[in-house]
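Structural characterization, general
Here are the chains, one letter per residue:
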Amino acid sequence: MSRDPHHHDHDHSELSETELRVRALESILTQKGYVDPAALDLLIETYETKVGPRNGARVVARAWSDPGYRARLLADATLAIAELGYLGRQGEHIVALENTPRCHHMVVCTLCSCYPWPVLGLPPVWYKSAPYRSRVVADPRGVLRDFGVELPTGTEIRVWDSTAEIRYLVVPMRPAGTEGWSEERLAALVTRDSMIGTGLARTPAEVA
Amino acid sequence: MTLDPAAARRAADALPGLPRDAEGPVFGAPWEAQAFAMTLALHARGLFTWGEWAAMLADEIKRAQAAGDPDTGETYYRHWLAALERMVAVKGVADSGTLARYRDAWDHAADRTPHGRPIVLAPEDFD
């Protein structure tokens with residue numbers, strides 16, 4: 001067992017010191033019947049938009065507005081994201097996947113420290129479940145339908161599983177009717193689910 | 001008493017200094033939301049009042065400041081977590097030895113779990 005806090009190995013999972021202490025508390029309190037993990041998850045899920053800086057929405061809004069930035073983002077997302085002043089941890093590479101009418105991207109892994117929450121916000125609770133992971137690989141269209149997303153039959157769906165070194169950011173399609181919008185207004189359309197590919201960006205009608 | 005955003009908002013109202021916006025608490029990282037949710041659950045069960053909690057948290061912050069904490073607000077939930085650990089010890093739920101044993105077990109579980117798999121605690125993690 002590794003006791004060195006600076007030990008870093010990409011073969012196995014890692015939890016920070018605070019994460020270890022939080023998990024310790026949660027398992028003890030659950031075993032003693034003081035907390036119900038499902039109820040905790042349900043509450044935490046309501047803070048989807050209240051955790052972390054959620055820089056991803058601004059990155060997507062910039063890519064929608066600025067063709068030069070979009071090209072840089074698709075070429076090297078780590079650099080393009082850093083350009084906006086958002087720095088990931090060292091050695092973390094982010095790859096941007098752009099959704100188009102022909103191809104829809106979905107990201108599946110996100111169980112451990114690999115989930116880029118500073119970019120995306122809080123991971124959805126259901127993302128951690130094994131049934132979701134296996135189903136999204138076997139039947140991505142069905143999973144999307146469960147989320148209320150019906151894609152044209154001609155749209156190819158690609159599923160991406162993060163590796164130890166690569167995290168993905170899905171760039172959703174820009175909704176129609178947003179011509180001339182400021183980046184700030186556009187960013188409000190970019191949900192977490194649209195950046196992991198289990199949803200689409202909000203439409204202007206949805207935020208009106 | 002249920003665990004919901006309304007209860008969270010009442011907690012935020014009862015605890016000045018808690019990072020929040022108009023709707024309720026905001027968090028810098030997922031673990032902060034977890035620590036907050038557990039505290040809310042324990043409060044809902046009547047383990048402590050917000051008055052007791054505020055005193056424990058203030059004491060933790062005072063200790064940290066004495067130890068050189070810059071107190072910029074960035075470390076608020078670190079103090080929160082330390083206060084929660086002390087609270088469960090004071091209330092006889094789990095002493096610091098038990099907390100340390102579980103912390104080490106989770107460390108072991110993370111170590112033996114390949115990247116990308118869910119980290120789950122197993123009995124052998126306590127060996």
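The following paragraphs examine the structure supplied in this document.

Rules and cut-offs
Residues numbered from 1 in each chain as written. Chains lettered and ligands numbered in written order. Predicted model: local features only at pLDDT ≥ 70, side-chain atom pairs only at ≥ 80, totals over all residues. Heavy atoms only, no water. Axes fitted to C-alpha atoms, helices over the stretch in contact; angles between N-to-C directions. Helix = DSSP H or I, 4+ residues; strand = E, 2+ residues; numbered from the N terminus. Left-handed = near helix turned anticlockwise from the far one by under 90°. Contact = heavy atoms within 4.5 Å. Nonpolar A, V, L, I, M, F, W, Y, C, P; charged D, E, K, R; others polar. Parallel < 35°, antiparallel > 145°, perpendicular 65-115°, else oblique. Phe/Tyr/Trp six-rings, centres within 6.5 Å; stacked < 30°, edge-to-face > 60°. Buried < 20%, exposed > 50% of the residue type's maximum accessible area, 1.4 Å probe, protein only. Lys NZ or Arg CZ within 6 Å of the ring centre and 35° of its normal.

1. Remarks on the packing of helix 1 (residues 17–31) of chain A against helix 4 (residues 76–90) of chain B
- At a minimum axis distance of 11 Å, the contact between helix 1 of chain A and helix 4 of chain B shows a crossing angle of 30°. Pair helix 1 of chain A / helix 4 of chain B crosses with left-handed handedness. For the pair helix 1 of chain A and helix 4 of chain B, the contacting residues are T18, R21, V22, L25 and L29 of chain A in the first and R78, L81, A82, L84, E85 and V88 of chain B in the second.
- Looking at the contact of helix 1 of chain A with helix 4 of chain B, its residues break down into seven nonpolar, one polar and three charged.

2. Looking at the packing of helix 2 (residues 37–45) of chain A against helix 2 (residues 30–44) of chain B
- Here helix 2 of chain A crosses helix 2 of chain B at 125°, and the two axes come no closer than 10 Å. Between helix 2 of chain A and helix 2 of chain B, the angle falls in the class oblique. The hand of the helix 2 of chain A/helix 2 of chain B crossing is right-handed. Between helix 2 of chain A and helix 2 of chain B, the residues in contact are L40, L43 and I44 of chain A and A33, Q34, A37, M38, L40 and A41 of chain B, respectively.
- Taken together, the residues that form the contact of helix 2 of chain A with helix 2 of chain B break down as eight nonpolar, one polar and no charged.

3. Considerations on the packing of aromatic side chains
- Taken as a whole and assessed by the stated rule, the structure comprises 12 aromatic pairs over all chains.
- Taking 5.5 Å as the distance between ring centres and 55° as the angle between the ring planes, the aromatic pair formed by F27 of chain B and F36 of chain B counts as tilted. When sorted by exposure, F27 of chain B lands in the same class as F36 of chain B, which is buried.
- Judged by centre distance (5.4 Å) and plane angle (80°), the rings of Y76 of chain B and Y77 of chain B are edge-to-face. By the burial criterion, Y76 of chain B is buried, and Y77 of chain B matches it.
- Taken together, the ring pairs in this structure connect Y47 of chain A together with F27, F36, F48, W50, W53, Y76, Y77 and W80 of chain B into an aromatic cluster.
- Taking NZ or CZ as reference, R62 of chain A lies 5.8 Å from the ring centre of Y69 of chain A, over its face.
- Directly above the ring of W181 of chain A sits R185 of chain A, whose terminal nitrogen or CZ lies 3.8 Å from the centroid.

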